[in-house]
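Coordinate inspection notes
Residues per chain, in single letters:
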Amino acid sequence: MTTKTTAEAWLAGRLPADWFTGPVEVTRDRDELVIIGTIAEPELDADPEDTTAREIAARGRITSFREDTRERRIEIARELEHLSGRKVSWGVRVGETEAMFTHLAAPVMTRLRQPERRVLDTLVEAGVAKSRSDALAWCVRLVGENSDTWLAELRTAMEHVDEVRRKGPGA
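Residues numbered from 1 in each chain as written. Predicted model: local features only at pLDDT ≥ 70, side-chain atom pairs only at ≥ 80, totals over all residues. Heavy atoms only, no water.

**Let's talk about helix H2 (residues 51-84)**
Note the following rule: Secondary structure elements follow DSSP: runs of H or I no shorter than four residues count as helices, runs of E no shorter than two count as strands, and numbering proceeds from the N terminus. For a helix, the expected span equals 1.5 Å multiplied by the residue count minus one. We define the bend at each residue as the angle formed by axes fitted to the 7 residues ending at it and the 7 residues starting at it. Using a 1.4 Å probe on the protein chains alone, a residue whose accessible area is under 20% of its type maximum counts as buried, one over 50% counts as exposed, and one in between counts as partly exposed. Every residue pair with non-hydrogen atoms within 4.5 Å of one another is taken to be in contact.
Taking 1.5 Å per residue as the helical rise, H2 with its 34 residues ought to reach 50 Å, whereas the 39 Å between its terminal C-alpha atoms falls clearly short. The sharpest bend along H2 comes to roughly 65 degrees, located at Arg 70. When we look at burial in H2, the residues that qualify are Ala 57, Ala 58, Ile 62, Phe 65, Thr 69, Arg 73, Ile 76, Ala 77, Leu 80 and Ser 84. Buried-residue contacts for H2 involve helix H1 (6-14), strand S2 (32-38), strand S3 (87-94) and strand S4 (97-100). Count one or two residues on from H2 and you reach Gly 85, which has phi positive near 75 degrees.

If you want it as structure tokens, here you go:
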């Protein structure tokens, strides 16, 4: 699977029509495909402003969906992993509530000089993180949360470069 829409197209044909309320979102990197589908919100007799009741009902719907679809999701994931060469992770969204069922935690090796290690050690010593590894993951999440617009622009630019490469000589 090479193009950005191939996994989405394959999933549109392979996923049971009654699982999700629309097309799934597929997020990818070189290691993993993350599939997130939206499932129907449960109907409640509670006050529409009661966010606690909506959250509890959504969690119940997510748990039910996870249990009811487990075997089929595993089967579909294995097929997609074979086709894409990447691990497949699943998640669902019900209203504002989102839950991941599985996800890959890939080790990343890096070399840091003393000033960078001191930052990580400070986070560990302050109890923000359990280890240097946790501290580095915390820093990456923080940058990701605070640089969404810039990272989105960078990803779009990289997609354009990939498109130009595909059209080039020898493609």
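Right, picking up where we left off after that structure.
**Points about the packing of aromatic side chains**
Selection criterion: By convention, a stacked pair of Phe, Tyr or Trp rings (six-membered ring in the case of Trp) has centres within 6.5 Å and planes under 30 degrees apart, an edge-to-face pair has planes over 60 apart, and any other such pair is tilted.
In this structure the tally under the stated criterion is five aromatic pairs. Ring geometry for Trp 19 and Phe 20: centres 6.0 Å apart, planes at 90 degrees, overall edge-to-face. Each member of the pair, Trp 19 as well as Phe 20, carries the same accessibility label: buried. Where Trp 19 meets Phe 65, the ring centres are 5.7 Å apart and the plane angle is 80 degrees; that geometry is what we call edge-to-face. Of this pair, Trp 19 sits in the loop between H1 and strand S1 (25-28) while Phe 65 sits in helix H2; the two residues are 46 residues apart in sequence, bridging distant segments of the chain. Relative accessible area serves as the criterion here: at 11%, Trp 19 is assigned to the buried category. The exposure class assigned to Phe 65 is buried, which follows from its relative accessible area of 10%.

**Re a nonpolar patch on the surface**
Threshold: Candidates for patches are residues over 30% relative accessible area with no salt bridge; among them, like charges are joined within 9 Å and nonpolar side chains (Val, Leu, Ile, Met, Phe, Trp, Tyr) within 5 Å. Computed by Shrake-Rupley with a 1.4 Å probe, the accessible areas treat only the displayed protein chains as cover when residues are assessed. Salt bridge, as used here, is a side-chain nitrogen of Lys or Arg placed within 4 Å of a carboxyl oxygen of Asp or Glu.
Together, Val 128, Trp 138 and Leu 142 make up an exposed nonpolar region whose accessible area comes to about 240 Å². Locating Val 128 in the fold gives a position in the loop between helix H3 (114-125) and helix H4 (132-146). Judged by its relative accessible area of 42%, Val 128 falls in the partly exposed class.

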